[in-house]
Amino acid sequence: MDAVLDGKKSEKTSKAKKQAEDAAEAVDDTPDAVGQNQKSDFVRGSVILFQDDFANEQMGEFPSKWDVSDGSLETASINGKKYAHSNAPDSRFSPLMENMKSYLPDVFTLEWDEFFCKAGDIPDFPFEFQFLDASGNQTGHIYLRYRPGNPDCYGNYTFKKGGGIDQNVGGSMDWDHLKQYTKVGQWNHFAISFNKRAFKFYLNGTRIINLPNVAAPARFEFIIQDENPYRGVANVVLAKGAVELYQRQTTDLSAVEKAIAETGKFVTNNILFETGKATLKPESMEEIQKVADYMKKNPSVRFEVQGHTDNQGSDKINDPLSQQRAEAVVKALAQLGCDEFNLRAVGKGSHEPVADNKTDAGRAQNRRVEFIKK
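As recorded in an unreviewed UniProt entry, the protein goes by the name OmpA family protein, listed as coming from Xylanibacter ruminicola. For the record of the protein, the UniProt heading Subcellular location (unreviewed entry) holds the text "Cell outer membrane".

Following this line, the structure appears as structure tokens:
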């Protein structure tokens, strides 16, 4: 009898414990979700100025779209993903742009990936990023140090204030804050959003620095110390445009609604395809979802979906490719619940450029999708 009672008591205790744990999880989930939403406002700029995934680079060679002020780089690979690897004690590198001294617009986003290795690979590695003005003076600086053996990641930042104020603003980042966003043994995604004076820095989609008034930069530079493995960057994307200076209320127009209202069309460089193919990259779905949301809100709207390419390759290749890409976008919208009868795919090839095809930035702008309201 005692054994039975003890068993029932144990069963009740276990049940109560599980209910308490479930309740604790339920309580914990809510603030985490709210906090994540509040700090996940990153929006890539609508016009890509520079992009490099290093996919077409030759292993061991210097990445063709980059320049160095110190040190050296080579194309390397981690888990099949190519990146720009620092193979010198102190490498400082920037993208090759038409005007190397000043190429950042007053509103832009910048994204890149870094690999945070597991314990035992290397003891630690530092990483730096800096903004510069057209004269080469530093206007902003971020320092991070990752130690996979502990593991921990910490750092600090300093920026020159905007508006002609002769003063700096800065702060620090510690592991207690960063550990919830850091991915050990994986590629980590970093992003910057700058809007005239407002600077935001993100780690894996979560905003960790938010400064309201800093000096506008003219260019940027990555700084990788030491030549040990895993030092470098991958998937670099610089784009014109960014999240609004202050988040708009939900009653404000979306980017698609605003563009349609003002110009009758929505033009985007954020719908990306595999090189030479009509296969949509996964990151394109966020942009396509914006159009789908607009169409669901306006079910009678009709769009001509135009695919545009740069002039690399012949018309014999680009014309059908642009048509296939437009059709791929239409198919994706249909899969998201949009009425396919309200969509018409048209391939424009490279016949209607909006920028100079002689530069990487110009070709990136020409590789676009346009939604023309009919």
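Visitor: Which residues make up the environment of asparagine 210, and what values do they have?
Guide: Along the chain, asparagine 210 turns up in strand β13 (residues 206-211). In sequence terms asparagine 210 and lysine 200 are 10 residues apart; their C-alpha atoms lie 4.6 Å from each other. When residues no more than four places from it in sequence are discounted, the contact partners of asparagine 210 are Phe199 and Lys200.

Visitor: Which residues make up the nonpolar core, and what values do they have?
Guide: Soluble globular proteins: nonpolar side chains tend toward being buried together. Within the largest apolar cluster, 52 residues are counted, with the highest numbers of intra-cluster contacts made by Trp112, Phe129, Phe199, Phe222 and Leu238. With 5 residues, the top contributor of residues to this core is strand β6 (residues 107-116). Here leucine 238 is in contact with Val47, Ile48, Leu49, Phe50, Met97, Tyr103, Leu104, Phe108, Thr109, Leu110 and Phe220, once residues within four sequence places are set aside. Ranked by size, the runner-up nonpolar core spans 24 residues in total, among them Ile288, Val301, Ala328 and Ala332.

Visitor: I'd love a proper account of the pattern of salt bridges, names of residues and values included.
Guide: Tallying each qualifying case throughout the model produces 17 salt bridges. Aspartate 176 is the partner of lysine 179 in a salt bridge, and the nearest nitrogen-oxygen pair spans 3.9 Å. On the accessibility criterion, lysine 179 (44% relative accessible area) is partly exposed. A relative accessible area of 58% means that aspartate 176 is categorised as exposed.

Visitor: Quick rundown of the packing of aromatic side chains? Include the residues and the values.
Guide: Two aromatic rings are characterised by how far apart their centres lie and by the angle between their planes. Throughout the structure, instances matching the rule amount to 30 aromatic pairs. Relative to phenylalanine 220, the ring of phenylalanine 129 has its centre 5.8 Å away and its plane inclined at 20°; by these criteria the two rings are stacked. Here phenylalanine 129 is found in strand β7 (residues 125-132), whereas its partner phenylalanine 220 is found in strand β14 (residues 219-225), with 91 residues between them in sequence. The interplanar angle of 75° and the centroid separation of 5.5 Å between the aromatic rings of phenylalanine 220 and phenylalanine 222 together place this pair among those described as edge-to-face. Exposure class is identical for phenylalanine 220 and phenylalanine 222. Each is buried. A cation over an aromatic ring shows up here: lysine 81 above the ring of tryptophan 187, its NZ or CZ 4.6 Å from the ring centre.

Conventions we followed
- Residues numbered from 1 in each chain as written.
- Predicted model: local features only at pLDDT ≥ 70, side-chain atom pairs only at ≥ 80, totals over all residues.
- Heavy atoms only, no water.
- UniProt positions renumbered as here; feature names shortened; annotations may be inferred.
- Helix = DSSP H or I, 4+ residues; strand = E, 2+ residues; numbered from the N terminus.
- Contact = heavy atoms within 4.5 Å.
- Core = buried A, V, L, I, M, F, W, Y, C linked by side-chain atoms within 4.5 Å.
- Buried < 20%, exposed > 50% of the residue type's maximum accessible area, 1.4 Å probe, protein only.
- Salt bridge = Lys/Arg side-chain N within 4 Å of Asp/Glu carboxyl O.
- Phe/Tyr/Trp six-rings, centres within 6.5 Å; stacked < 30°, edge-to-face > 60°.
- Lys NZ or Arg CZ within 6 Å of the ring centre and 35° of its normal.

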